[in-house]
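Chain by chain, the residues run as shown.
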Amino acid sequence: MSGSQSNLSDRPDAVDASCRLPVLYLLAGGLAWLFAGLGLALVAAVKLKWPGFLSQCEVLTYGRLEAASRTALVFGFASQMGLGLAFWILARTGNTRLPVSGIAFVIATVWNAGLTVGIGYLLLQGSSGVTWLEIPRQISPVILAATGLLSLVGIAAFAARDGSRSEPAQWHLLGALIAFPLLYLTAQLALLFFPVRGIAQSVTHGWFSQGLFLLWLAPLALAVLYHFIPVVSERPTASARFAPLAFWTWWILAGWTGAAEWIGGPVPAWWVTVSIAAGVLLLIPIVLTLLNLQGACLFSRSVVLRFAAVSIISFALWGVLTAVTSLRCAQSVLHFTQFGVGLKELFLFGFVAPALFAGVYSVVPRLAGREFPCRISPQAHWIFTTGGIAVMTLAFLVGGWIQGWQLASPEIPFGVVSARLHPWLLVHAFGLALFGFGQMALAANAAWLLFECVKPLKDPVIALFSTTASPVVGK
Amino acid sequence: MKYGPIIYLGVLTALVATWFGFVAVPRRQLAALGPDVSTNAAGVVVSYPAARSGEAAQGRDIYLSLGCSACHTLQVRPESGGSDIARGWGKRRTVARDYLQDAAPLLGSSRLGPDLANFGERLGTNAFPLVRLFAPRQVSPGSICTPVPFLFETRPIRRGVPSADALVLKGAAAPESGNEVIPGRRARQLAAFLASLSTSVDLPEAPLPVAAETALK
């Protein structure tokens, strides 16, 4: 993987040392935001079933909770964890120290502070009304600046790599680090600061929200899979000659899929048609990527490979379902139903999150210098995560499909459609709770690991005078 | 692949191409769109869409701030792509011109609740039923719409005479005896916005069907 010159054999430790603080911090921050986002999502799910629950409280109105949980999960959890893993992969594959790691830590802190204030503002004062840009414009530039600067750190790590060769994980990371700050900047300017009136905004907005998923979260997750599947399975990337084609077709096509969500809407039809075509063609890079990522297995002994397998299966399922249901005949039934929400959740919880967890189980032990203390906890984490994803996405994919058929029949009153959706909402909430419960296994294990690392330092005075070799963190 | 610069340039080019497609071109193509000016039956020149009244515009901010868009769309799909028109959610499909007045079009993406693009029209000549905001289930049983009681004030009935504005509430939603629930300023603004929602104007690009009067329920 990394440079093979023998005089660099001491590099891995130095590389890990340079990554330790910012990467562990970003991963821990991501985990904290995962809990915050899931907590908000659970309260929102309960409110869908019992709308009177906490209804006196304006801060906990369904619309605000829903926006806050999505923001926390995407900008807090997935983006931060993805960025943390990106730093480590770029430093490790390039066999170079992570530049300005101390500054990266400070910037990540600013990001977290900005996100906390932004989500707090969203809950207290209300959303800006633009999906994925709900954080008000007084605060969103802080997150944009932090994103941009952290991306520069990653790009600098890539530029400083040892030797000119590069691998697919690096390409995807580089693409994401270049594309996302530009997308986010353009979207903030065009939608929050200098909004055009009317529908041109919706088209631009579709471009941004699709880019957020396909040109930021997806490449981060794919990079983790591309890097760790060969490392953990100890086999080279399968069908590696397809990797450049997979990369380029993905990056050329994915940006064009943004207007598909406005099908039948008040936007000029050619955008929608282009987006549908791009969405179907996106199956090409998806199939090629699957060929590359064959090394993962649901029944592997390694929890990393099992999380990777869940991620890959979800990615394939998401790709096929998105392509098939983006056609006009399907959308006239499925549009505006929970089916679309289910697809987004399949992407975020099914594809991105398990890939990140696979990365966490690979990277954290190296950086902490010791294995996760509990052996059973990762198994429980995997089972509950997988079960939760299966239950919640199935509930919305099936329930949304039924909802769509009923909505398409005007003789069924809206109230009846709504009432028949109730059980599916409940099943979905149960799946979400399962998923959230599983994350506690990871959090507990991480907390125990932290305790194990800190314990030797508990009495530094005795350690200093002790004649026996004291355990040193990181060995 | 060996070289970083190919990736930098390639990704940038791909991104800029989509930027033209989804940011620059929409701005150009839709910039020329202006309001539809016509003369109505009374011979008065009218422009559509008209600016909202102050109260309705403030109500729109409340709609936006409470995240009503999480469950309600404000768009009517054409007859070929869904049952919107058959359900009586509009007489014609909505088009770009309908949103000219909106700083941020709230098209919405979920129909956990019904479409509201023509909600004001469904009210007819009735006043907006404010009970719908305070206790949605009293108006439509089984509704999952989130109540917004914080836009209302519960206060003791003054001098034994209930306020004319007091909501008529039944069952669990009713206040304790001797109290009444009256709408606050924000509740009235939100109601004004919802009552203002209507797109039934004949446009060249989206004409009203001739016999549409009976379709709206």
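Okay, the overall build of chain B next. Tallying secondary structure elements over chain B gives six helices and four strands in all. Taken from N to C terminus, the helices and strands of chain B fall in the order α-β-β-α-α-α-α-β-β-α. Over its C-alpha atoms chain B spans a radius of gyration of 22 Å, topping by over 25% the 17 Å that the globule rule assigns to 217 residues. Buried positions account for 41% of the 217 residues belonging to chain B. Within chain B, contacts between residues separated by at least 24 positions form 72% of all contacts whose residues are at least 6 apart in sequence.

We now examine the overall build of chain A. On a plain count of helices and strands, chain A comes out with 15 helices and zero strands. Taking 475 residues into account, the globule formula puts the C-alpha radius of gyration at 23 Å, and chain A, at 23 Å, falls close to it. Residue burial in chain A is summarised as follows: out of 475 residues, 57% are buried. The contacts in chain A between residues at least 6 apart in sequence include a share of 83% that link residues at least 24 apart.

Facing the 61 residues of chain B at the interface are 69 residues of chain A. Contributions of two or more residues to the side of chain B that touches chain A are made by α1 (4-31) and α2 (54-65) of chain B. Residue contributions to the side of chain B that touches chain A peak at 17 residues, all from α1(B).

This next bit is on the nonpolar core. All names here are of chain A. Formed by 207 residues in total, the largest nonpolar core has its most connected members in F87, A221, V224, L225, A308, V352 and L356. If one sorts the elements of this core by residue count, helix α6 (residues 200-233) sits on top with 20 residues. Setting aside anything within four residues of it in sequence, one finds A308 in contact with L225, F228, I229, A296, A355 and A358.

Residue and element names in this part refer to chain A. Three or more residues of helix α9 (residues 283-292) are buried, namely P285, L288, T289 and N292. For α9, the arc enclosing every buried residue in end-on projection is 100°, short of the 170-degree limit, so these residues lie on one face. Tucked into the core, α9 has its buried residues touching α5 (168-193), α6 and α7 (243-253).

A few words now on the environment of A:Y226. Considering the arrangement of structural elements, one finds A:Y226 in helix α6. Those residues in contact with A:Y226 that lie beyond four places of it in its chain are A:P168, A:A169, A:H172, A:T237 and A:N292.

Residue and element names in this part refer to chain A. Two elements in contact, α7 and α9, have axes separated by 8 Å at closest approach and are oriented at 150°. Note that α7 runs across α9; the crossing there is left-handed. Contacts between α7 and α9 involve A243, L245, A246, T249, W250 and L253 on the former and, on the latter, I284, P285, L288, T289 and N292.

Residue and element names in this part refer to chain B. In terms of strand pairing, strand β1 (residues 36-39) meets strand β2 (residues 45-48) through four bridges, oriented antiparallel. Bridged to S38 within β2 is V46. Where β1 folds back on β2, the antiparallel hairpin that results is connected by five residues, among which G43 adopts a positive phi of roughly 80°.

Let us look at unusual backbone geometry. At the junction of B:Y48 and B:P49, the peptide bond is cis and its omega measures out at -5° in the coordinates. Position of B:P49 relative to the elements: it lies in the loop between β2 and α2. One non-glycine residue, A:F336, lies in the positive phi region at around 70°. For A:F336, the location among the structural elements is in the loop between α11 (328-334) and α12 (338-368).

Moving on: the confidence of the model for chain B. Summing up the model confidence of chain B, the mean pLDDT is 89 and the portion of residues at 70 or higher is 96%. Note on the complex model: pTM 0.93, ipTM 0.91.

Residues and elements named next belong to chain A. On average, chain A scores 91 in pLDDT, and the residues at 70 or more come to 94%. Within chain A, helix α15 (residues 460-465) has the poorest average pLDDT of any element, 50, and helix α13 (residues 376-408) the best, 97. Below pLDDT 50 for its whole length, residues 1-9 participates in 11 contacts with residues either more than four positions away or in separate chains.

As a further point, take the packing of α7(A) against α1(B). The contact between α7(A) and α1(B) brings their axes to 8 Å, and the two run at 30°. One element, α7(A), and the other, α1(B), form an angle in the roughly parallel class. Of the residues in α1(B), those touching α7(A) at A:W248, A:W251 and A:I252 are B:G10, B:V11 and B:A14. The class makeup of the residues in the contact of α7(A) with α1(B) is five nonpolar, one polar and no charged.

In this model, helix α14 (residues 414-454) of chain A (41 residues) spans 58 Å end to end at C-alpha, consistent with the 60 Å of a helix rising 1.5 Å per residue. Largest kink in α14(A): about 35°, centred on A:H422, with the proline A:P423 one to four residues after it.

Thresholds applied
- Residues numbered from 1 in each chain as written.
- Chains lettered and ligands numbered in written order.
- Predicted model: local features only at pLDDT ≥ 70, side-chain atom pairs only at ≥ 80, totals over all residues.
- Helix = DSSP H or I, 4+ residues; strand = E, 2+ residues; numbered from the N terminus.
- Rg over C-alpha atoms; globule rule 2.2 N^0.38 Å.
- Buried ≥ 20, exposed ≤ 12 C-beta atoms within 10 Å, placed from the backbone.
- Contact = placed C-beta atoms within 7 Å.
- Core = buried A, V, L, I, M, F, W, Y, C linked by C-beta atoms within 7 Å.
- Arc of directions from axis to C-beta.
- Axes fitted to C-alpha atoms, helices over the stretch in contact; angles between N-to-C directions.
- Left-handed = near helix turned anticlockwise from the far one by under 90°.
- Pairing = 2+ DSSP bridges.
- pLDDT = per-residue confidence, 0-100.
- Parallel < 35°, antiparallel > 145°, perpendicular 65-115°, else oblique.
- Nonpolar A, V, L, I, M, F, W, Y, C, P; charged D, E, K, R; others polar.
- Expected span 1.5 Å × (residues − 1).
- Bend = angle between axes of the 7 residues up to and from the residue.

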